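Below, each chain spelled out in residue letters.
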Amino acid sequence: MKNEASQEGTAASGAEPFGALAVRRIRAAARDAVVLLEQLLAAALAARPELLAHPVTSLTAGPAARGSRPGWTRWSHAARPGRWIPVGVSRGCETIICVTAPTKESPFLRACRRQPVPHTPVWFMRQAGRSLPEYRAARKKRKSMLAACMTPDLVTELTLQPLRRYHVDAAILFSDIVVPLRAVGVDVDIKPGIGPVIGKPVRREADLARLRALEPSAVSYLVPAISSLVAELGSTPLIGFAGGPFTLASYLVEGGPSKNQERTKALMYGDPRLWHALLARLTDITIAFLQVQVSAGASAVQLFDSWVGTLSPEDYRAAVLPHSKRVFEALAGTGVPRLHFGVGTGELLGLMSEAGADVVGVDWRVSLDEAVRRVEIGTALQGNLDPAVLLAPWDVVRQRARDVLSRGRAAEGHIFNLGHGVLPETDPDTLARLADFVHEESARG
Ligand code: CP3
């Protein structure tokens, strides 16, 4: 059910068509009923562990970690200590049987599919990177950012670093949106403190020849990195990602970061034929790049069209939507959830879900209960705490996070995240505390 009308009409009035409201209420009631059934089942399994449906994959004895509660505990493992997993039997604070659910039953993937979850899953965009002292230390010793993205051991290490600190429900591959551009031969570099810079920008028809197709062999270094991550992560999903067509085009046309993307828009308005030819090539590259990640084991993909919020809905529909749609359609057969995110995209949320995403990411400018009205029915939401809130005292962080969780309850599925990436000056301890708070505050039952 496409809801252009609700995007344009009801978003402004705040009212919701009666039919849509009824459907939403029925879905919410059904979801509550399933949560109750799952709680009854969990209680039954705690009493009769031999009835467990999931394979018992690990046995642990030892004190349950801080914050554990009957029915759930944290599992400690050198690589990823302390994730919530269902417990078959617990005795006092000693866990005697741990059962790991398969990845596809992880809270993150369940929320993407809009299924009931034991707690609201959480991860942070840019959870790896400069906010972590161990990242800065690992990068100091080594090569450029792009070379790091092409070194499997380093990719694995940098992807896992945040999971050792935070009880997040997903890992995101350590890479960058310009990695596939480099792989097809574009002279792109990532300059510290600046971002991607392109040697020869793409502005004319003849420049398109430099954007050849992406051969999977050109990003073959991703395969060992993703394989070892999947093995290491167990039931925690790994998110693969790529840049959205507008954002990639903006770096190529501008030659680097730009506040208002004037040159990009000049090309889009002035030469629609060249614009669509450019976006069609970028779309092919993006599809191939995401397919490599999924084939290697990524269990969800996020398309970051970070800078597309600079467009009006009409221009987005004509200039970008057909290309994003093609990315999501091409990935549909893989069965992995597809997430879609951009900054300042409040007016585009309906169109971004129309492009075919299962989950739409929301920045902090639109509250999640309002975002629910703007996206299509059947879409989960991700977001949307302002990353700058994390620089305020903990009481403020907690109160704002609680508000995000409470507004997120209006969504058919909610994944807690920031409204954009972690700021480099963020204290990692605040993020660790926030991930725990999200789990505790949202725990069902
Ligand atoms: O933890 C993670 O989120 C995984 C890693 C990740 C990076 N880039 C690593 C990175 C992800 C998901 C990205 C995506 C990305 N890259 C986006 C979309 C997300 C967003 O923030 O909107 C965009 C627009 C880029 C392009 C890019 N690359 C920018 C704007 C920058 C930052 C420039 C700077 O130094 O401030 C980069 C560099 C980059 N990508 C870094 C990291 C860890 C910093 C590199 C360093 O260590 O110097």
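Residues numbered from 1 in each chain as written. Predicted model: local features only at pLDDT ≥ 70, side-chain atom pairs only at ≥ 80, totals over all residues. Heavy atoms only, no water.

## Describing the overall build of the chain
In step 1: Broken down by element type, the chain carries 17 helices and 12 strands.
In step 2: In the chain, which comprises 445 residues, the share counted as buried stands at 54%.
In step 3: Approximately 18,400 Å² of the chain is accessible, and the part contributed by carbon and sulfur atoms is 56%. (Helix = DSSP H or I, 4+ residues; strand = E, 2+ residues; numbered from the N terminus. Buried < 20%, exposed > 50% of the residue type's maximum accessible area, 1.4 Å probe, protein only. Areas by Shrake-Rupley, 256 points an atom, 1.4 Å probe, with all protein chains shown as cover.)

## Quick look at the pairing of strand 8 (residues 300-304)
In step 1: For strand 8, a buried count of five out of five residues is recorded, marking the element as mostly surrounded by other parts of the structure.
In step 2: Residues A300, Q302 and F304 of strand 8 are buried on one face, and the alternating residues V301 and L303, pointing to the opposite face, are buried as well.

## Section: the site of the ligand
In step 1: Contacts to the ligand come from 26 residues, most closely from R126, Y135, D176, S306 and H420.
In step 2: Between the ligand and R139, the relevant distance is 2.8 Å, taken from an oxygen atom to a side-chain nitrogen or oxygen of the residue.
In step 3: Those elements that place two or more of their residues in the shell around the ligand are helix 4 (133-140) and strand 6 (195-198).
In step 4: Along the lines of polarity and charge, the residues of the shell around the ligand split into 15 nonpolar, seven polar and four charged. (Near = heavy atom within 4 Å. Polar contact = N/O pair within 3.5 Å; in protein donor to acceptor, adjacent residues only side chain to side chain. Nonpolar A, V, L, I, M, F, W, Y, C, P; charged D, E, K, R; others polar.)

## Regarding unusual backbone geometry
In step 1: Residue G383 is joined to N384 through a cis peptide bond whose omega torsion reads -5°.
In step 2: Its location among the elements puts N384 in strand 11 (residues 380-385).
In step 3: Even without glycine at this site, R126 takes up a positive phi of about 60°.
In step 4: Its location among the elements puts R126 in the loop between helix 3 (107-112) and helix 4.
In step 5: Backbone geometry places Q261, a non-glycine residue, at a positive phi of 55°.
In step 6: With respect to the element layout, Q261 can be found in the loop between helix 9 (245-254) and helix 10 (262-270).

## Brief notes about the packing of aromatic side chains
In step 1: The full count for this structure, using the stated rule, is six aromatic pairs.
In step 2: Seen in terms of ring centroids, F241 and F304 are 5.4 Å apart; in terms of plane orientation they differ by 85°. Their pairing is edge-to-face. With F241 in strand 7 (residues 238-243) and F304 in strand 8, this residue pair connects regions lying 63 residues apart in the sequence. Comparing F241 with F304 shows no difference in burial state: the two are buried.
In step 3: Summarising the aromatic geometry, the rings of F246 and W275 are spaced 6.0 Å apart at their centres and angled 55° between planes, so their arrangement reads as tilted. Of this pair, F246 sits in helix 9 while W275 sits in helix 11 (residues 272-296), and the two are 29 residues apart along the sequence.
In step 4: Within the aromatic cluster, the residues linked to one another by ring pairs are F241, F304 and F341. (Phe/Tyr/Trp six-rings, centres within 6.5 Å; stacked < 30°, edge-to-face > 60°.)

## Looking at the packing of helix 8 (residues 222-233) against helix 11
In step 1: Relative to each other, helix 8 and helix 11 sit at 40°, their axes nearing to 9 Å. Our classification of the angle between helix 8 and helix 11 gives oblique. When the axes of helix 8 and helix 11 are compared, the crossing they make is right-handed. Residues L222, V223, I226, S227 and V230 of helix 8 form the contact with helix 11, whose own contacting residues are F289, V292, Q293 and A296.
In step 2: Each residue belonging to the contact of helix 8 with helix 11 can be placed in one class, and the counts come to seven nonpolar, two polar and no charged. (Axes fitted to C-alpha atoms, helices over the stretch in contact; angles between N-to-C directions. Parallel < 35°, antiparallel > 145°, perpendicular 65-115°, else oblique. Left-handed = near helix turned anticlockwise from the far one by under 90°. Contact = heavy atoms within 4.5 Å.)

The values reported here are purely geometric and, on their own, carry no functional implication.
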